[in-house]
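# Summary of structural features
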Amino acid sequence: KEMQTIFDIEDEGELEEYLGVKIQHHDDGRIEFTQPQLIDSILIDLGLLASDGSERPNTSTKDTPLMTSRVLGPDRDGPAFDYTWEYRSVIGKLNFLEKSTRPDLAYATHQCARFMADPKKSHGEAIKHIGRYLLKTRDKGFIIKPDKTQAFECWVDADFCGNWDKDIAPTEPDTAKSRHGFVVKLHGAPICWASKLQVQYSLSTAESEFQGISAATRYVKSLMYLYEEISQKVVGVPSIPTMHCRLFEDNLSALEMAKIPKFRPRTRHINVIYHHFANEVANKRILLQAIGTHYQQADYLTKPCDTATFERHRKSVQGW
């Protein structure tokens, strides 16, 4: 209203769509974010939908975006990729979809993206598996109902050497790398998430979890500073809020290293990683809390999960 006294502008009502993201407001206060056009584009590329967007008869669907029986590897000696669709193009679309509204696709998409330089038939099959899961959930995204009594929360998990394969380890050292994932929430709503292969080699489960905490707190710190800066500029905010983040971790050894500034011979090599968030922990702006593995919402960002576990974490993060 203040801007209308200066500029000739119109109020067009609630936001309904932005950059292909459809935004639906429900009467009970829930807000739903979906990307139906992008999902249909991916499914048409993969041949799981007809070119006009109609469903093909007898096309099977999947309950999870990847197989839980094995971890996707480089498959150097496997059959060549022989599908008619473009591997890189589909990965690009999946990456945009995952980053915008579908954290449930993060782990599966990033596993497939590792092999864009030389994809094999097995990698194409993995993407088709993602597509069959999307076919079943093509109208889904994530649903939020903000609760302003909650501040920042971050759920972080890591999978120590989850890609390791003893048969190819001598020629594929990257199979020894660990993966971490995290979900950052504000007012109970997810605002960013990540699933990443760690750059450094971890020597233990605790160290891989600690690196995950380090990466997550870097995101959280920047978001907290941004939120405080915005609060200084917004009209009607009486004071700058003191932002805190509860960071949930399911590895007690990693939590102990993060809380207590004492390193032993086995852990002193990671000392430099610690310092960037040590003060935030000491000042209690970042509060580290233990969480049972059963309730670790970031678990489905780091490893294949069985259907029940996957659906439980998806419900906690995405609301469905």
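Use the structure listed above.
Structural notes, computed from the coordinates. (Residues numbered from 1 in each chain as written. Predicted model: local features only at pLDDT ≥ 70, side-chain atom pairs only at ≥ 80, totals over all residues. Heavy atoms only, no water.)

## Brief notes about the pairing of strand S7 (residues 189-197)
For strand S6 (residues 179-186) and S7, the ladder comprises eight bridges, and the chain directions are antiparallel. Counted as the bridge partner of Leu186 is Ala189 from S7. (Pairing = 2+ DSSP bridges. Helix = DSSP H or I, 4+ residues; strand = E, 2+ residues; numbered from the N terminus.)

## Brief notes about empty space enclosed by the protein
According to the stated counting rule, one finds three cavities of 30 Å³ or more in the structure shown. Of the volumes computed, that of the largest cavity is approximately 140 Å³. Around the largest cavity sit 13 residues that line it, and Leu66, Met67, Arg70, Leu72 and Ala126 are the ones nearest its centre. At the level of secondary structure, the elements contributing two or more residues to the lining of the largest cavity comprise helix H3 (106-113) and helix H4 (121-136). Here the lining of the largest cavity gets four residues from one element, more than from any other, and that element is H3. Taken as a whole, the second largest cavity spans an internal volume of roughly 40 Å³. Residues that form the lining of the second largest cavity fall into these classes: seven nonpolar, no polar and two charged. (1 Å grid on protein atoms, 1.4 Å probe; cavity = no way out; pocket = protein on both sides within 12 Å on 5 of 7 lines; lining within 4 Å. Points joined across faces, edges and corners; volume = space filled by probe spheres on them. Nonpolar A, V, L, I, M, F, W, Y, C, P; charged D, E, K, R; others polar.)

## Remarks on a negative patch on the surface
A cluster of acidic residues, Asp8, Glu10, Asp11, Glu12, Glu14, Glu16 and Glu17, forms a negative patch at the surface. Secondary-structure assignment places Glu10 in the segment before strand S1 (17-18). The exposure class of Glu10 is exposed, given its relative accessible area of 69%. (Patch = residues over 30% accessible without salt bridge, like charges linked within 9 Å, V, L, I, M, F, W, Y side chains within 5 Å. Areas by Shrake-Rupley, 256 points an atom, 1.4 Å probe, with all protein chains shown as cover. Salt bridge = Lys/Arg side-chain N within 4 Å of Asp/Glu carboxyl O. Lys, Arg positive; Asp, Glu negative; His and termini not counted. Charge placed at Lys NZ, Arg CZ, Asp CG, Glu CD. Buried < 20%, exposed > 50% of the residue type's maximum accessible area, 1.4 Å probe, protein only.)

## Let's talk about the pattern of salt bridges
Counted according to the given criterion, the structure contains 15 salt bridges. With a closest N to O distance of 3.3 Å, Arg138 and Glu55 form a salt bridge. With Arg138 in the loop between H4 and strand S4 (142-144) and Glu55 in the loop between helix H1 (36-45) and helix H2 (87-100), this residue pair connects regions lying 83 residues apart in the sequence. Here Glu55 falls in the exposed class, since its relative accessible area comes to 53%. The salt bridge partner of Lys177 is Asp174, with a shortest N-O separation of 3.7 Å. On the basis of relative accessibility, which here comes to 35%, the residue Asp174 falls in the partly exposed class. If you follow the salt bridges from partner to partner, you end up with Asp40, Glu55 and Arg138 in one network.

By themselves these figures say nothing about function.
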